[in-house]
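# Commentary on secondary and tertiary structure
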Amino acid sequence: MTATHSTRMLILGSGPAGLSAAIYAARAGMKPIVVQGIQPGGQLTTTTDVENYPGFKDVIQGPWLMEQMQAQAEHVGTRMMYDMIVGVDLSRRPFRLTGDGGDVYECDTLVIATGAQAKWLGLGSEDALKGKGVSACATCDGFFYRGKKVAVIGGGNTAVEEALYLTNHSDDVTLIHRRDTLRAERILQERLFAHPNITVLWNKEVAEFVGGGAPEGLVALNLRDTVTGEISRLDTEGGFVAIGHHPATELFVGHLELDADGYIRVETGSTRTAVPGVFACGDVMDKVYRQAVTAAGTGCMAALDAEKFLAEAEFEAKQKETLDA
Ligand code: NDP
């Protein structure tokens, strides 16, 4: 049997952004509902060691951190729903969303925290060595490769920024790009080319991630030249795939303003989208920082923006009532 759930704040997504929004909203007495989505807990549930989330002296595990955030959100009054939203109607109020089992969610404010997924090359060897030398986030994992040879795959802003970032930990960084020109901004390219510890390999793609040692980890990359087809080997212990992300915004095409890469556009310095009452936070609106702590920060902002929106709407409604009386 299907049901209709009504709330002042509906939050889509249960990563650090969605759960931080929930903690703030619940503590403000808004009784938020969080719809968990396809990957409850978000990207951190597929991570192991987390060493950069403030508050923990020792290394913690990503899935544990998300369990704690969920427990905290529930403890202060959040209702968690195990559902997937498949339909949205933002053209009328309350907003109306539909779950894949037919349940309907009606809400006065909507906080979108559906996140983004890193793109991978799709090789079997890449999958086998994820978390064992293969990563999609140098800012998160670079520290674990101190003093080791590392490589970044990609030619956009992310790849160049990650290569530059990795020079904090390694004096042997290789950037591997499938063409002979980079897509990254000129200023980043200049910094990259000027760096003495970064080598750029042009016209190369990864044919295979090579594992070895015990416990098994990445030891090398087999590279294919995209012009000649020639195969070469690059010894490296860290392989950072930086070929872009997919923001989870398919549901909002035609309903909200998205940028050319599919990220939800928000007003600078806030989480307000083009539709009043709809807010976006975390990786679904941030393609620059993409950290758990920045997602949590924008989640908090979204809850505060939504509370302010409701307070203003209620004030205006009361004033109208007084004038009409
Ligand atoms: P991009 O889509 O800009 O770049 C992806 C790169 O990966 C391209 O160089 C592409 O190659 C390469 N690539 C894609 N697929 C493959 C594949 N299968 N094999 C090998 N290489 C592949 O992604 P980014 O994450 O770099 O950036 C996304 C957006 O975020 C951009 O708009 C960017 O400007 C923005 N951004 C801004 C930052 C900032 O302002 N500081 C920081 C980071 C991102 P090719 O060039 O041949 O297509």
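Residues numbered from 1 in each chain as written. Predicted model: local features only at pLDDT ≥ 70, side-chain atom pairs only at ≥ 80, totals over all residues. Heavy atoms only, no water.

## Considering the overall build of the chain
Where we set the bar: Note on conventions: DSSP H or I runs of at least 4 residues are helices, E runs of at least 2 residues are strands, and numbering of each starts at the N terminus. The classification of residues rests on relative accessible area computed with a 1.4 Å probe and restricted to protein chains. Under 20% of the type maximum is buried, over 50% is exposed, and intermediate values are partly exposed. Whether two residues touch is decided by their heavy atoms; if any such pair falls within 4.5 Å, the residues are in contact. The charge count includes Lys and Arg as positive and Asp and Glu as negative, but it does not include His or the ends of the chains. Note that the charge is assigned to NZ on lysines, CZ on arginines, CG on aspartates and CD on glutamates.
In terms of regular secondary structure, the chain is built from seven helices and 19 strands. If one aligns the C-alpha atoms of the chain with their principal axes, the spans along those axes are about 80 × 40 × 40 Å. For the chain, buried positions account for 48% of its 325 residues. By sequence separation, contacts in the chain at least 24 residues apart represent 59% of the contacts at least 6 residues apart. Within the chain, one finds 29 positive and 42 negative side-chain charges whose respective centroids are separated by 2 Å.

## Some details on the sheet that holds strand β15 (residues 217–225)
How we decide: Here, a strand pair is defined by DSSP locating no fewer than two bridges between the strands. Interaxial angle, 0 to 180 degrees, is taken between N-to-C directions of lines fitted to C-alpha atoms, where a helix line uses only the stretch in contact.
Judged by pairing direction, the sheet is antiparallel, and its three strands sit side by side in the order β14-β15-β16 without closing on themselves. Both outer strands of the open sheet, β14 (204–212) and β16 (231–235), are each paired with one neighbouring strand and no more. The average angle at which neighbouring strand axes cross in this sheet is 30°, direction not considered. With eight bridges connecting them, β14 and β15 associate as antiparallel partners. What sits directly across from Glu-208, in β15, is Asn-222.

## Quick notes on the site of the ligand
Here is the rule we go by: Residues are counted as near a molecule or strand when any one of their heavy atoms sits within 4 Å of it. Counting of polar contacts relies on pairs of N or O atoms within 3.5 Å, with two restrictions inside protein: one atom must be capable of donating a hydrogen and the other of accepting it, and residues adjacent in sequence are counted only when both atoms are side-chain atoms. Per-residue and other accessible areas follow the Shrake-Rupley method at a 1.4 Å probe size, with only the shown protein chains counted as cover for residues. Residues were grouped as follows: Ala, Val, Leu, Ile, Met, Phe, Trp, Tyr, Cys and Pro as nonpolar; Asp, Glu, Lys and Arg as charged; and all remaining residues, including Gly, as polar.
Around the ligand there are 17 residues in total, and Thr-158, Glu-161, Arg-179, Arg-183 and Asp-261 lie nearest to it. Asp-261 places a polar side-chain atom, nitrogen or oxygen, 2.8 Å from an oxygen atom of the ligand. Surface burial for the ligand is 77%, taken as the share of its 920 Å² of free accessible area covered by protein chains. Class assignment of the residues belonging to the shell around the ligand gives a composition of three nonpolar, seven polar and seven charged.

## Let's talk about the side chain of Asn-203
With respect to the element layout, Asn-203 can be found in the loop between β13 (198–201) and β14. Of note is the side chain of Asn-203, whose polar atom sits 3.3 Å from the backbone nitrogen of Asp-180. Beyond its immediate stretch of four places on either side in the chain, Asn-203 contacts His-177, Arg-178, Arg-179, Asp-180, Arg-224, Asp-225, Thr-226 and Val-227.

## Let's talk about the nonpolar core
The following threshold applies: Only buried residues count toward a nonpolar core. Its members are Ala, Val, Leu, Ile, Met, Phe, Trp, Tyr and Cys residues joined through side-chain atoms within 4.5 Å.
Residues Met-9, Ile-11 and Val-111 are the most contacted members of the largest nonpolar core, which totals 29 residues. When contributions to this core are tallied by element, the ones reaching two or more residues are β1 (4–12), α1 (16–27), α2 (62–75) and α7 (292–324). Apart from the residues within four sequence positions on either side, Val-111 is in contact with Met-9, Leu-10, Ile-11, Leu-12, Ala-21, Phe-279, Cys-281 and Ala-302. Among the nonpolar cores identified, the runner-up in size contains 22 residues, and Ile-33, Met-81, Phe-95 and Ile-112 belong to it.

## Quick word on the pattern of salt bridges
Pairing of side chains with opposite charge becomes possible as their charged atoms draw close. Test applied: In what follows, salt bridge is the name for a side-chain nitrogen of Lys or Arg lying within 4 Å of a carboxyl oxygen of Asp or Glu.
Scanning all chains against the criterion turns up 16 salt bridges. Among the salt bridges present, the one from Lys-148 reaches Glu-237, with a minimum N-O distance of 3.9 Å. Taken together, the residues Lys-148 in the loop between α4 (138–141) and β11 (150–153) and Glu-237 in the loop between β16 and β17 (238–241) connect sequence positions 89 residues apart. Here Lys-148 falls in the partly exposed class, since its relative accessible area comes to 32%. You can call Glu-237 partly exposed: its relative accessible area is 37%. In this structure, Arg-272 engages Glu-267 in a salt bridge whose closest nitrogen and oxygen atoms are separated by 3.0 Å. Looking at Glu-267, the relative accessible area reads 42%, which means it is partly exposed.

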